[in-house]
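Chain by chain, the residues run as shown.
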Amino acid sequence: MSSILNVIEKLKLNVSNIEDVPESFSSDVYKLTLASGENVYVKIPFNKDKLFREFQMLETLKGIIPVPKVLDIWYGDESTTGALILSAIQGMPCTGDIDEKLSYQIGVYHAMLHEVKTPGYGYLVTDGFKLLDQNNWRLHIKSNFEKWKEPCKEILDSKLYERCILHFDGVFSALPDPDGPCIVHLDFRPGNILVNGNEVAGIIDFESARGGSSEIDFTKVNRFIWEVNPRTKIPFIEGYQSIRPMLALERVLPFYDIYDAFSAVVWCKNRGIEKNQTFLQENILTLRNSVGY
């Protein structure tokens, strides 16, 4: 709480109410009601790079897809990483039923996001755009997985771990050529898609977005939209294809299921196994299902 009070003081905001925003896993997010009656959101990212990345992504995407407006940015001090003041979008996270019409529209916006080109494969850092090693997406994916092996080995049971390593090689070699580099969200799930009635009102949370291959961006769509209601898959794809071609999902999804879950296991280890136990177990279950164990 002290960090939000610090932000309010530094940005000289006249605030009548502060509300915590749940379901924000990496950054601290607060909804502020200003004395004028206007609502704004304050986002205090986990580190400086995330602050800068979100700011740059929102500036890049304004006018292309509906995203929050950056009203102000504070670059932080020794006790706080900094903060963004964001406009409130009239809408709610679309965590309820998603029907075919809404799914089509989500597909359109997802494709519009992927149509935005980036200078290469890589990500924004405070002093510019950092390219991946040799600007090579496949190399990056492979080396991430290599880095995650050790921490995953400590947490997963040995049989499951061995199966994952074997499975990885098979699904990795089946991947189509990467597309891009384009903006990928990396957390494109219903909680980050705001709807007003049955219309998409906004897309939020770009702190992890970067220049990548669109293939990495369908895992959460598959898990939280298509698998929940299989009728949404065809309309989503039709919406997406009205803007750009869809890649070979049947070759991409099996790979990124295991890649994403492996990454999440490491995230839980780094951020605390005990307090992230539910999330850890969800991802272990994904790994078990992926490798049939």
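Residues numbered from 1 in each chain as written. Predicted model: local features only at pLDDT ≥ 70, side-chain atom pairs only at ≥ 80, totals over all residues. Heavy atoms only, no water.

Novice: Tell me about the packing of aromatic side chains, residues and numbers included.
Specialist: All chains considered together, the criterion is met by 13 aromatic pairs. A centroid spacing of 5.3 Å and a plane angle of 80 degrees characterise the contact between Trp226 and Phe236, whose relative ring orientation is edge-to-face. You can see Trp226 sitting in helix H6 (residues 219-226) and its partner Phe236 sitting in helix H7 (residues 233-241), a full 10 residues away along the chain. When sorted by exposure, Trp226 lands in the same class as Phe236, which is buried. An aromatic cluster is built from Phe145, Trp148, Phe168, Phe172, Phe255, Tyr256, Tyr259 and Phe262, whose rings are joined through pairwise contacts. (Phe/Tyr/Trp six-rings, centres within 6.5 Å; stacked < 30°, edge-to-face > 60°. Helix = DSSP H or I, 4+ residues; strand = E, 2+ residues; numbered from the N terminus. Buried < 20%, exposed > 50% of the residue type's maximum accessible area, 1.4 Å probe, protein only.)

Novice: So what's going on with the sheet that holds strand S5 (residues 83-87)? Which residues, and what values?
Specialist: Strands sit in the order S1-S2-S3-S5-S4 across an open sheet of five strands; the sheet is antiparallel. Strand pairing shows two members of the sheet lacking a second neighbour, strand S1 (15-20) and strand S4 (70-74), which therefore form its edges. When the angles between neighbouring strand axes are averaged without regard to direction, this sheet yields 25 degrees. Here strand S2 (residues 28-34) pairs with strand S3 (residues 39-44) via six bridges, running antiparallel. Its bridge partner being in S3, Leu32 is matched across the sheet by Val40. Docked against the sheet, helix H1 (residues 2-10) engages S1, S2, S3, S4 and S5, running at close to 120 degrees with respect to S3. (Pairing = 2+ DSSP bridges. Axes fitted to C-alpha atoms, helices over the stretch in contact; angles between N-to-C directions. Contact = heavy atoms within 4.5 Å.)

Novice: Kindly report on the pattern of salt bridges, identifying the contributing residues and their values.
Specialist: For side chains bearing opposite charge, pairing can occur when the charged atoms are close. Under the definition given, this model contains 18 salt bridges. Arg223 is paired through a salt bridge with Asp257; the nearest N and O atoms lie 3.2 Å apart. Of the two residues, Arg223 sits in helix H6 while Asp257 sits in helix H8 (residues 249-271), which places them 34 residues apart along the sequence. You'll find Arg223 and Asp257 in the same group, each marked buried. Through salt bridges with shared partners, a single network forms among Lys43, Lys50, Glu54, Asp205 and Glu207. (Salt bridge = Lys/Arg side-chain N within 4 Å of Asp/Glu carboxyl O.)

Novice: Now, about the nonpolar core: what can you tell me, with residues and values included?
Specialist: By size, the foremost hydrophobic cluster in this structure holds 38 residues, and its most contacted members are Leu61, Ile106, Phe206, Phe218, Trp226 and Phe236. Looking at this core, the element that brings in the most residues is helix H2 (residues 48-61), giving six residues. Beyond its immediate stretch of four places on either side in the chain, Leu61 contacts Val67, Leu113, Val116, Ile183 and Phe206. Residues Tyr161, Val171, Phe262 and Ile284 belong to the second largest nonpolar core, which totals 33 residues. (Core = buried A, V, L, I, M, F, W, Y, C linked by side-chain atoms within 4.5 Å.)

Novice: Can you lay out the environment of Asp257 for me, pointing to particular residues and giving the numbers?
Specialist: Overall, the relative accessible area of 17% leaves Asp257 in the buried class. Expressed as a C-alpha distance, the spacing of Asp257 and Thr278, which sit 21 residues apart in the sequence, is 18 Å. Beyond its immediate stretch of four places on either side in the chain, Asp257 contacts Thr219, Arg223, Thr286 and Ser290. Side chain to side chain, Asp257 and Arg223 meet in a polar contact 3.2 Å long. (Polar contact = N/O pair within 3.5 Å; in protein donor to acceptor, adjacent residues only side chain to side chain.)

Novice: Which residues make up the pairing of strand S11 (residues 199-203), and what are the values?
Specialist: Every regular strand shows the same layout, with side chains that alternate between the two sheet faces. Of all five residues in S11, four are buried, a share of seventy percent or more. Pairing of strand S10 (residues 193-196) with S11, which is carried by four bridges, proceeds in the antiparallel orientation. Bridge pairing in S11 places Ile193 opposite Ile203. Counting the residues between successive antiparallel strands, the hairpin from S10 to S11 contains two residues, one of them, Gly197, with a positive phi of roughly 65 degrees.

Novice: If you had to explain the environment of Pro176 to someone new, which residues and values would you point to?
Specialist: Checked against the element boundaries, Pro176 lands in the loop between helix H5 (158-173) and strand S9 (182-184). For Pro176, a relative accessible area of 13% puts it in the buried group. The spacing of Pro176 and Ala88 is 88 residues in sequence and 39 Å in space, taken between C-alpha atoms. Beyond its immediate sequence surroundings of up to four residues, Pro176 is in contact with Arg138, Glu215, Arg251 and Val252.

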